[in-house]
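Take a look at the letters that make up each chain.
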Amino acid sequence: MLRTSLMCGAAVFSVAVLASETHARTIQEPPLFASQNGVLDLLVIAAPQRVTTFTAPGFTPIGWAYEVCTRPDAGNVCPQGATGLYGGFRLGLQPGDLLKMRFVNQLPPVNPAKLTSYVYDPLLALNPTNLHTHGLVVEATANTVAPPAVPVYGDFIFTSVFNPANGNPAIYSLSTYNTLHQHVDVIANGVVDYRIQLPANHPSGAYWLHPHMHGNAMNQVSAGLSGIISVGSVGKYACYDSQCNSRVPDGSVRHLILKDMQVMPGPNGGAPMFQEDAAFCQATPMPGEAVRNGVCAGDPAAYPHGAWFFSVNGQQFPTIPVASGDGEIWRLQNASGSASYDIQLTNDQTAQPMIMQLLSVDGVSIAIPPGTAPGDIVELGAARFHFATCPAASTTPTASSESPPVCVTDLVMMPSARAEIWAVWRGADGHVTSAPAGATATLRTVGFTTGPSGDSWPAVNLAKVQFPAGHAPRLNHGALNIHGDALATMQPGGLFETGFPNTPGAGITGCKALPPGHHRRIYFGNPTLASAPNTPGMDQYGNAVFGLGYEEIDQNGAPVAGTLADVTMFNPANVICLPLGPGNRPVTEVWEIINLTTELHNFHIHQTKFRVVNTTAPQGSLLSPKSTQGGGVMEDNVPLPYAVPGKLSQAVRIPSSGSCTIADYKAGYCAVTPVVLQIPFAMVGEFVYHCHILDHEDGGMMHAIQVVPSAISTASGR
Ligand SMILES: [Cu+2]
């Protein structure tokens, strides 16, 4: 469900406007900014940028993008010629690196009419922003530098960096508004520094950089503000052979950043819509509609002559020329604000989805122990993938200690998701083989619906893939050999076992560890606001509102008295606090996530990763919450199955949103599939967990959490 109710016409499409020739442009890798001698020191400027890579006639929309350059010796200006990078960029880091960013906000103000949250917080129209390194397991430290020096943050999202050209934020009384939004640290002059230290034992994989300004996140990400971050090398965990004599080279890796932008014709040749509408075009093409190569036409009634672009690295339907018979590693990143994808690679000759081997999820390479049942693999992957049997290696024997390969035909990618796959030509039987002349495939999303009260995201072709004819694979292999970090992080020396030498600091009185055997239960729901008691799930302006609730559960499964907090919108004053373990070692908790609504949400937590577990799994199983062996699949975002209201009229107390209440759930009126997560906490700081459908996050579906150094403390932890 979207926050604003938007008109949706159901007329026949006018296709002429988008029936343009799709320009077959070869895909470009995002520009790389690589660390040297353990440091990457950059100037990052958020600014408007004209997007010239979209090919529908009449559109050169002005998006927002980061301008990135090596930090100059003086001043906050990139050298002449540096341009905004709508298509994205890559920060190339190694474990143990220090990432330094001087960050400058030069974004224009926002039209309040485009800003649902304006009614709560007029300051958002000044377009404050900030940076978040999504998925990196790093500290979330607040500023400790005294003025007038430029403040220095870790991966800390409770800061609001204002562009002084848009006005002085002091014109509003912060005390009036800061209970709902997060202007905890107001930076009025537009400049801050980030200093982010990666642990030496950080997993190798794909992460990303995006704004995390509560209330503006959806607009800023969908306008184009994001880039990808890589840590380490694929060759660390992926080999062509069972002895790892032949590691996958960095040159075989391609980064594919998926972005979308809805554009209507206008005086400047089109401006982004910002508040994204899933009904902008039909979920699947209408009869006679032009082939959706990187774009679909706006609904003629609601969005006449509009276009919804789905780009890869900022390019509309590029061609991906696979260079070698050994295929390529693709790092896919959903950088859309709210859109979900169901990715397939379709063989153009057979129209069938091709099998792809899955290497990593959310930046951590998978580690499936030998003998793991296929059903367990599906559960560990939280149903984000449609699994397929990997064709057996043709001649190379598989060592008994190796992880069995995992293959998929579909990748469900909700906002923020990453996945790494091996894209290689396969014959009709699924075996890796040399491609025939003219072998092509289409990378596409087949469309994805997020539930009865959710949104239907459209089917669109994303890229044309060309495989080289007659290139025999170098090695006669059926699958890559993966030695995943998902296991290494939990073993001695691993990030979630041994931890990180955190910034020194004291514990906080009143911040205490969860008692042994207890777990936290988090509710995702649509709150009833005191300001709009007669429209549950909506505010007094008719916008859908979103929130989270909380409860602590004891070792017998019973709620702990006094811990229940009903579903409410984000309030930065409410914080879950927990200390690290003795000696500041990581502490692992179990969280049970209950989705009360009738649409999918995408749970995400900062500064860590988690494993999906099952409370009924036997203790020796990888799926057991008591398992300390680690391994399997580690994620930083997970889809939450939607609730099914039952028991006739007793269910669904919030008819306007189709959402159950906590009372409905406890009375058994609402069937819920809990998602149980094992979450290790290794990093100190103040951060958040939230729905990564950014429309929902902006709408209130977020909660603060603080991890502090270990110390003797007494009172309640919340
Ligand atoms: Cu959501």
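Scoring rules and cut-offs
Residues numbered from 1 in each chain as written. Predicted model: local features only at pLDDT ≥ 70, side-chain atom pairs only at ≥ 80, totals over all residues. Heavy atoms only, no water. Helix = DSSP H or I, 4+ residues; strand = E, 2+ residues; numbered from the N terminus. Buried < 20%, exposed > 50% of the residue type's maximum accessible area, 1.4 Å probe, protein only. Areas by Shrake-Rupley, 256 points an atom, 1.4 Å probe, with all protein chains shown as cover. Disulfide = S-S within 2.5 Å. Pairing = 2+ DSSP bridges. Axes fitted to C-alpha atoms, helices over the stretch in contact; angles between N-to-C directions. Donors = N, O, S within 2.8 Å, 3.2 Å for Na, K, Ca; no water. Salt bridge = Lys/Arg side-chain N within 4 Å of Asp/Glu carboxyl O. Phe/Tyr/Trp six-rings, centres within 6.5 Å; stacked < 30°, edge-to-face > 60°. Lys NZ or Arg CZ within 6 Å of the ring centre and 35° of its normal.

### Let's talk about the overall build of the chain
Right, so step 1: When helices and strands are counted, the chain shows six helices and 44 strands.
Right, so step 2: Sorting the 718 residues of the chain into buried and exposed places 62% on the buried side.
Right, so step 3: Summing over all exposed atoms, the chain offers an accessible surface of approximately 24700 Å²; the carbon and sulfur share of this is 56%.

### Brief notes about the state of the cysteines
Right, so step 1: Applying the stated criterion across every chain, the model contains six disulfides.
Right, so step 2: Bridging cysteine 660 to cysteine 670, the disulfide has an S-S length of 2.1 Å. With the S-S bond torsion at 80°, the cross-link from cysteine 660 to cysteine 670 turns out right-handed. Pair noted here: cysteine 660 is in the loop between β40 (644-645) and α5 (662-666) and cysteine 670 is in strand β41 (residues 670-671), with a separation of 10 residues, a long-range link. For the residue pair cysteine 660 and cysteine 670, the accessibility class agrees, reading buried in each case.
Right, so step 3: Across the chain, the way the bonded cysteines pair up, counted in sequence order, is 1-2, 3-4, 5-6, 7-8, 9-10, 11-12.

### Section: unusual backbone geometry
Right, so step 1: Between proline 147 and the following residue, proline 148, the backbone shows a cis peptide bond with an omega angle of 10°.
Right, so step 2: Structurally, the position occupied by proline 148 is in the loop between β6 (132-134) and β7 (152-153).
Right, so step 3: Residue serine 416 is not a glycine yet carries a positive backbone phi of 90°.
Right, so step 4: Note on placement: serine 416 falls in the loop between β25 (407-413) and β26 (418-423).

### Re the sheet that holds strand β1 (residues 32-34)
Strand pairing in a sheet takes place through backbone hydrogen bonds and is either antiparallel or parallel in direction.
Right, so step 1: The strand order β1-β4-β12-β11-β6 describes an open sheet built from five strands, whose pairing is mixed. Either end of the sheet is taken by a strand with one partner, and the two such strands are β1 and β6. Each strand axis lies, on average, 25° off the axis of its neighbour in the sheet, ignoring direction.
Right, so step 2: Across five bridges, the pairing between strand β11 (residues 205-210) and strand β12 (residues 227-231) is antiparallel.

### Some details on the pairing of strand β21 (residues 341-347)
Right, so step 1: Of all seven residues in β21, seven are buried, a share of seventy percent or more.
Right, so step 2: Side chains Tyr341, Ile343, Leu345 and Asn347 of β21 all project onto a buried face; the interleaved residues Asp342, Gln344 and Thr346 project onto the opposite face, where all are buried too.
Right, so step 3: In terms of strand pairing, β21 meets β25 through three bridges, oriented antiparallel. Considered in β25, the bridge of isoleucine 343 is made with leucine 411.
Right, so step 4: As paired elements, β21 and strand β27 (residues 440-445) share five bridges and run antiparallel to each other. Looking across to β27, one finds that threonine 346 is bridged to threonine 442.

### Looking at the coordination of the copper ion
Right, so step 1: Protein-derived ligands of the copper ion are His601 (ND1), Cys691 (SG) and His696 (ND1), with the metal-ligand distances lying across 2.0 to 2.1 Å.
Right, so step 2: Here the donor residues for the copper ion map to a single chain with the spacing H-x89-C-x4-H. For the pair shown, cysteine 691 and histidine 696 are each scored as buried.

### Structural notes on the pattern of salt bridges
Right, so step 1: Enumeration over the complete set of coordinates arrives at 16 salt bridges.
Right, so step 2: Here arginine 102 ties to aspartate 193 by a salt bridge, and the two come within 2.4 Å at their closest N and O atoms. One end of the pair, arginine 102, is in strand β5 (residues 98-105); the other, aspartate 193, is in strand β10 (residues 191-197), with 91 residues separating them in the sequence. A single burial state applies to arginine 102 and to aspartate 193, both of which are buried.
Right, so step 3: Across the pair aspartate 348 and lysine 464 runs a salt bridge, and its minimum N-O distance is 2.9 Å. Taken together, the positions of aspartate 348 in the loop between β21 and β22 (356-361) and lysine 464 in strand β30 (residues 460-466) put the pair 116 residues apart, joining distant regions of the chain.
Right, so step 4: Linked by salt bridges that have partners in common, Asp362, Arg384, Arg418, Lys609, Glu635 and Asp636 make up one network.

### Let's talk about the pairing of strand β4 (residues 90-93)
Right, so step 1: Burial along β4 is two-sided: Arg90 and Gly92 and Leu91 and Leu93, pointing in opposite directions, are all buried.
Right, so step 2: The pairing of β1 with β4 spans three bridges and is parallel. Within the sheet, the bridge partner assigned to phenylalanine 33 lies in β4 and is leucine 91.
Right, so step 3: As paired strands, β4 and β12 are joined by four bridges and run parallel to one another. Looking at β12, one finds that leucine 93 is bridged to valine 231.

### Examining the sheet that holds strand β2 (residues 39-50)
Right, so step 1: Read across the sheet, five strands follow the order β3-β2-β5-β10-β7 without closing on themselves; strand pairing throughout is mixed. Here the strands that pair on one side only, and so sit at the sheet edges, are β3 (62-70) and β7.
Right, so step 2: Where β2 lies against β5, eight bridges are found, and the strand directions are parallel. If you follow alanine 46 over to β5, its bridge partner there is asparagine 105.

### Overview of the packing of aromatic side chains
Right, so step 1: One pass over the structure, following the stated rule, counts 22 aromatic pairs.
Right, so step 2: Aromatic side chains tyrosine 66 and phenylalanine 89 sit 6.2 Å apart centroid to centroid with 75° between the ring planes, which places their arrangement in the edge-to-face category. Note that tyrosine 66 is positioned in strand β3 and phenylalanine 89 in the loop between β3 and β4, a separation of 23 residues in sequence. In this structure, tyrosine 66 and phenylalanine 89 share a single accessibility class: buried.
Right, so step 3: A ring pair is formed by phenylalanine 280 and tryptophan 308, whose centres lie 6.0 Å apart and whose planes are at 70°; its orientation type is edge-to-face. Of the two residues, phenylalanine 280 is situated in the loop between β15 (271-272) and β16 (295-297) and tryptophan 308 in strand β17 (residues 307-312); the sequence distance between them amounts to 28 residues.
Right, so step 4: Exposure remark for phenylalanine 280: the relative accessible area of 0% places this residue in the buried category.
Right, so step 5: The exposure class of tryptophan 308 is buried, given its relative accessible area of 0%.
Right, so step 6: By way of ring pairs, the aromatic residues Tyr66, Phe89, Phe103, Tyr153, Phe156, Phe158 and Tyr194 are connected into one cluster.
Right, so step 7: For the cation-ring pair, lysine 259 lies above tyrosine 86, with the distance from its terminal atom to the ring centre recorded as 4.9 Å.

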